[in-house]
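Structural characterization, general
Listed below, chain by chain, are the residues.
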Amino acid sequence: MARRTDRLGGVLEDERVNAGLAWLLVGFLLVVVVENLLDGDVLWAGFAAFVAVVTVVPSAAYRDGDVMLPWEVLVLAALPILAKSLATWVYSLRVTTYLSVAALALIVAVELHAFTTVRMTHWFAILFVVVATTATAGIWAVVQWLSDGFLGTAFIRSEYLLMWDFVYATLAGVVAGVVFELYFRRVAPVEPRLPEGRHEL
């Protein structure tokens, strides 16, 4: 994999430390999966499990536990999921959904940028995260609709609120796209934390 200049240095840029922190956060996601299953919330358990699976794709592809996303990306993905697990306020649940979907799109963008030959221009990186967030929100809406129809849940309360969900998801995608551009491409690039000698997938 092509390497870029390490502009920060320090202990958090070390690939083993980064991988250790990332695996701890994956462990947290698995705990959330179990907790949601015990609470009977199959939908959110499935979402947290999906985030965990997407997170470990680089390690599985390289067959190397040190090849992981930056731990900051996983914190951004884990915090909304944790907030959802602890939230009791309906509005908080909706907000965490948008943030979780945006975080998932951010994970995909960082993985494409760091582990493949894909290179995005500044404007396209932001656009990609926004579109991926909105598309994921659409898939999530379909999953919720199927859950309501077959599992008897009540996630979708009205088409009006569903449309606002898409608006909020798009706004969350804009925020995630800006974070990707400003932080993971300019301030703390991903490549210095990856093991040397790796080739792009």
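Computed from a predicted model, the values in this text were never measured in an experiment. For every chain, the first residue of the written sequence is number 1, and numbering continues from 1 onward in sequence order. This being a predicted model, a pLDDT of at least 70 is required before a residue's local features are given, and a value of 80 or more before pairs of side-chain atoms are given or counted; all residues contribute to the totals for chains, interfaces and linings. Side-chain calculation: all heavy atoms of the structure are included, whereas hydrogens and water are not.

**Observations regarding the overall build of the protein chain**
Numbering goes from the N terminus for both helices and strands, where a helix is a DSSP run of H or I of at least four residues and a strand is a run of E of at least two. Looking only at helices and strands, one finds seven helices and zero strands in the protein chain. Accessible area is worked out with a 1.4 Å probe on protein chains only. A residue is then buried under 20% of its type maximum, exposed over 50%, and partly exposed in between. Residue burial in the protein chain is summarised as follows: out of 201 residues, 44% are buried. Sequence-distant contacts, at least 24 apart, represent 79% of the contacts inside the protein chain between residues at least 6 apart. Surface accessibility in these figures is a Shrake-Rupley result with a 1.4 Å probe; residues are shielded only by whichever protein chains are displayed. Carbon and sulfur atoms provide 72% of the accessible area of the protein chain, an area that totals close to 10200 Å². When checking whether two residues touch, look at their non-hydrogen atoms; a contact exists if any pair is within 4.5 Å.

**Quick look at the packing of aromatic side chains**
Here is the rule: rings of Phe, Tyr and Trp (six-membered ring for Trp) pair when centre to centre is within 6.5 Å. Planes less than 30 degrees apart are stacked, more than 60 are edge-to-face, and the remainder are tilted. Summed over the entire model, instances satisfying the criterion amount to six aromatic pairs. On the basis of an interplanar angle of 70 degrees and a centroid distance of 6.5 Å, the ring pair of Tyr 160 and Trp 164 is categorised as edge-to-face. Highlighted residues: Tyr 160 and Trp 164, both in helix H7 (residues 159-187), separated by four residues, approximately one helical turn. Judged by its relative accessible area of 59%, Tyr 160 is exposed. Taken together, Trp 44, Phe 47 and Trp 140 form an aromatic cluster joined through their ring pairs.

**Considering the packing of helix H2 (residues 42-55) against helix H6 (residues 122-151)**
The geometry of H2 relative to H6 is characterised by a closest axis approach of 11 Å and an angle of 150 degrees between their N-to-C directions. Considering the angle they form, H2 stands roughly antiparallel to H6. When you trace H2 past H6, the crossing you get is right-handed. The segment H2 lies against H6, with Leu 43, Trp 44 and Phe 47 engaging Trp 140, Val 143, Gln 144 and Ser 147. The classification used treats Ala, Val, Leu, Ile, Met, Phe, Trp, Tyr, Cys and Pro as nonpolar, Asp, Glu, Lys and Arg as charged, and all other residues, Gly among them, as polar. Here the contact of H2 with H6 is composed, by residue class, of five nonpolar, two polar and no charged. Structural elements are reduced to axes, namely lines fitted to C-alpha atoms, with helices fitted over the stretch in contact, and the angle between N-to-C directions of any two is expressed from 0 to 180 degrees. An angle counts as roughly parallel when it lies under 35 degrees, as roughly antiparallel when it exceeds 145, as roughly perpendicular when it falls between 65 and 115, and as oblique in every other case. Each crossing gets its handedness from the near helix: less than a right angle anticlockwise from the far helix is left-handed, clockwise is right-handed.

**Focus on helix H1 (residues 15-38)**
One less than the residue count of a helix, multiplied by 1.5 Å, gives the span that helix is expected to have. Here H1 spans 35 Å end to end across 24 residues, near enough to the 34 Å set by a 1.5 Å rise per residue. All of the buried residues in H1 are Asn 18, Ala 19, Ala 22, Leu 25, Val 26, Leu 29, Val 32, Val 33 and Asn 36. Gly 40, located one to two residues past H1, shows a positive phi value of around 80 degrees.

**Re the nonpolar core**
Among the nonpolar cores identified, the biggest contains 46 residues, and Phe 47, Val 51, Leu 69, Leu 74, Ile 81 and Ile 107 are the most heavily contacted of them. Elements represented by at least two residues in this core include exactly H1, H2, helix H4 (71-86), helix H5 (90-115), H6 and H7. Those residues in contact with Leu 74, other than ones at most four positions away along the chain, are Ala 22, Leu 25, Val 26, Thr 55, Met 68, Leu 69 and Ile 107. Nonpolar core, defined: a set of buried Ala, Val, Leu, Ile, Met, Phe, Trp, Tyr and Cys residues in which side-chain atoms within 4.5 Å join the residues together.

**Some points on the confidence of the model for the protein chain**
Here the protein chain averages 78 in pLDDT, and 79% of its residues register 70 or above. Known as pLDDT, the predictor's confidence for each residue is given on a scale from 0 to 100. For the stretch residues 1-12, pLDDT sits under 50, and the model shows 35 contacts to residues farther than four places along the chain or on other chains.

**Considerations on the environment of Val 57**
Checked against the element boundaries, Val 57 lands in helix H3 (residues 57-62). Separated by twelve residues in sequence, Val 57 and Leu 69 place their C-alpha atoms 9.5 Å apart.

**Digging into the environment of Val 130**
Following the sequence through the fold, Val 130 ends up in helix H6. Each C-alpha atom of the pair Val 130 and Ala 172 lies 7.8 Å from the other, and the pair is 42 residues apart in sequence. Other than its neighbours up to four places away in sequence, Val 130 contacts Thr 170, Gly 173 and Val 174.

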